[in-house]
Amino acid sequence: ALPISAQADRLFEILKAGDAAGARQAVDRLLDGGASVADICDRLFAPVLYRIGELWSNGEISIADEHRASRIVEGLLERAASSRGKPGPRLGSVVVAAPAGDKHALPAQMAATGLAAEGFVVHFLGADLPVAEITRMAADVDADVVALSCCVAERDGLAAAIAASDDLGIPVLVGGNGIGSAEAQQLGAAAYAGSIAEAQSIARELVRERASRAS
């Protein structure tokens, strides 16, 4: 079987052509071959979607082409999530969203899928979520962690969501290509993840720390 990095070129062409069935077959083969959800998100979907986005920003494909590719990947994430749920006790509860001002749902969905595959109970709220809705859900489900995706330059929504979660005593994990580790921590985030694999291990750590403080 081809390594995931080689499969990325293939998936890029498949998504550009809008071939949903072909994309499904490619991802199913990888999952059947033992690839993890984190591998598929970090080494396949993220680089391929970045390349598709570049084509759109260079005027080489239409916004409809770009949206079609994104919708296909959303479906593949749902498929990966349903095939990769971990049996056994849950690790903890995580609320995942992109805060107000950030309309990019797909990176947040990747984080949600990766965390669910790792064994967390995940409450995925989508994109452009008002702060009050994020914190209401976090309080309602007694979340251990709030995970926020940031793919824009605007910081007001993110900063407000971090502060409000902090007020509830819930640590915030930030990720996304719109922000780096130092800035996320300056804004008050408990941690930053540069990949889905990192988000999985850091979320475990945050849950452990919170449990030890509570005991």
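Located above this text is the structure these notes cover.
Here's what I pulled together on the structure shown here. (Residues numbered from 1 in each chain as written. Predicted model: local features only at pLDDT ≥ 70, side-chain atom pairs only at ≥ 80, totals over all residues. Heavy atoms only, no water.)

### Some thoughts on the overall build of the chain
Across its full length, the chain holds nine helices and five strands. Traced from its N-terminal end to its C-terminal end, the chain shows the element sequence α-α-α-α-β-α-β-α-β-α-β-α-β-α. The C-alpha radius of gyration computed for the chain amounts to 17 Å, which stays within 12% of the reference 17 Å derived for 215 residues, consistent with globular compactness. For the chain, with 215 residues in total, the buried portion stands at 46%. Surface exposure of the chain reaches about 9900 Å², of which carbon and sulfur atoms provide 53%. Averaging the coordinates of the 19 positive side-chain charges in the chain and doing the same for the 28 negative ones gives two points 7 Å apart. (Helix = DSSP H or I, 4+ residues; strand = E, 2+ residues; numbered from the N terminus. Rg over C-alpha atoms; globule rule 2.2 N^0.38 Å. Buried < 20%, exposed > 50% of the residue type's maximum accessible area, 1.4 Å probe, protein only. Areas by Shrake-Rupley, 256 points an atom, 1.4 Å probe, with all protein chains shown as cover. Lys, Arg positive; Asp, Glu negative; His and termini not counted. Charge placed at Lys NZ, Arg CZ, Asp CG, Glu CD.)

### Structural notes on the packing of aromatic side chains
What characterises a pair of aromatic rings is the spacing of the ring centres plus the angle enclosed by the ring planes. For the structure shown, the criterion picks out zero aromatic pairs. The cationic tip of Arg 51 hangs over the ring face of Phe 12; the distance from NZ or CZ to the ring centre is 3.9 Å. (Phe/Tyr/Trp six-rings, centres within 6.5 Å; stacked < 30°, edge-to-face > 60°. Lys NZ or Arg CZ within 6 Å of the ring centre and 35° of its normal.)

### Focus on the side chain of Glu 66
For Glu 66, the location among the structural elements is in helix 4 (residues 63-83). This buried residue, Glu 66, is left without a salt bridge; Arg 71 holds the nearest opposite charge, at 6.6 Å. Once you skip the residues sitting within four places of it in the chain, Glu 66 turns out to touch Ile 52, Trp 56 and Ile 61. (Salt bridge = Lys/Arg side-chain N within 4 Å of Asp/Glu carboxyl O. Contact = heavy atoms within 4.5 Å.)

### Description of the sheet that holds strand 1 (residues 93-97)
Taken in spatial order, the five strands make up an open sheet running 2-1-3-4-5, and their pairing is parallel. Single-partner strands in this sheet number two, and they are strand 2 (121-124) and strand 5 (191-193). Direction aside, the axes of adjacent strands within the sheet are offset by 25 degrees on average. The pairing of strand 3 (residues 145-149) with strand 4 (residues 172-175) spans four bridges and is classified as parallel. In the sheet register, Ser 149 faces strand 4, and the bridge partner there is Gly 175. Helix 5 (residues 105-118) rests against strand 1, strand 2 and strand 3 of the sheet, and its axis sits at about 165 degrees to strand 2. (Pairing = 2+ DSSP bridges. Axes fitted to C-alpha atoms, helices over the stretch in contact; angles between N-to-C directions.)

### So, the nonpolar core
If you look at the biggest cluster of nonpolar residues, it comprises 50 residues, and the most contacted ones within it are Leu 15, Ile 40, Leu 44, Phe 45, Val 96, Met 110 and Leu 173. With 10 residues, the top contributor of residues to this core is helix 3 (residues 37-57). Counting residues in each nonpolar core, the second largest holds 19 residues, with Leu 129, Leu 158, Ile 179 and Tyr 192 among its members. (Core = buried A, V, L, I, M, F, W, Y, C linked by side-chain atoms within 4.5 Å.)

### A short note on the pairing of strand 1
Counting buried positions over the five residues of strand 1 gives five, a clear majority of the element. Burial of strand 1 is two-sided: the residues Ser 93, Val 95 and Ala 97 facing one way and the residues Val 94 and Val 96 facing the other way are all buried. When strand 1 meets strand 2, the two strands line up parallel, connected through four bridges. Counterpart to Ser 93 in the pairing with strand 2 is Val 121. The parallel pair strand 1 and strand 2 is bridged by helix 5, and the resulting crossover is right-handed. Where strand 1 lies against strand 3, four bridges are found, and the strand directions are parallel. Note on strand 3: the bridge partner recorded for Val 95 is Val 146. (Right-handed = clockwise from strand over helix to strand, strands pointing away.)

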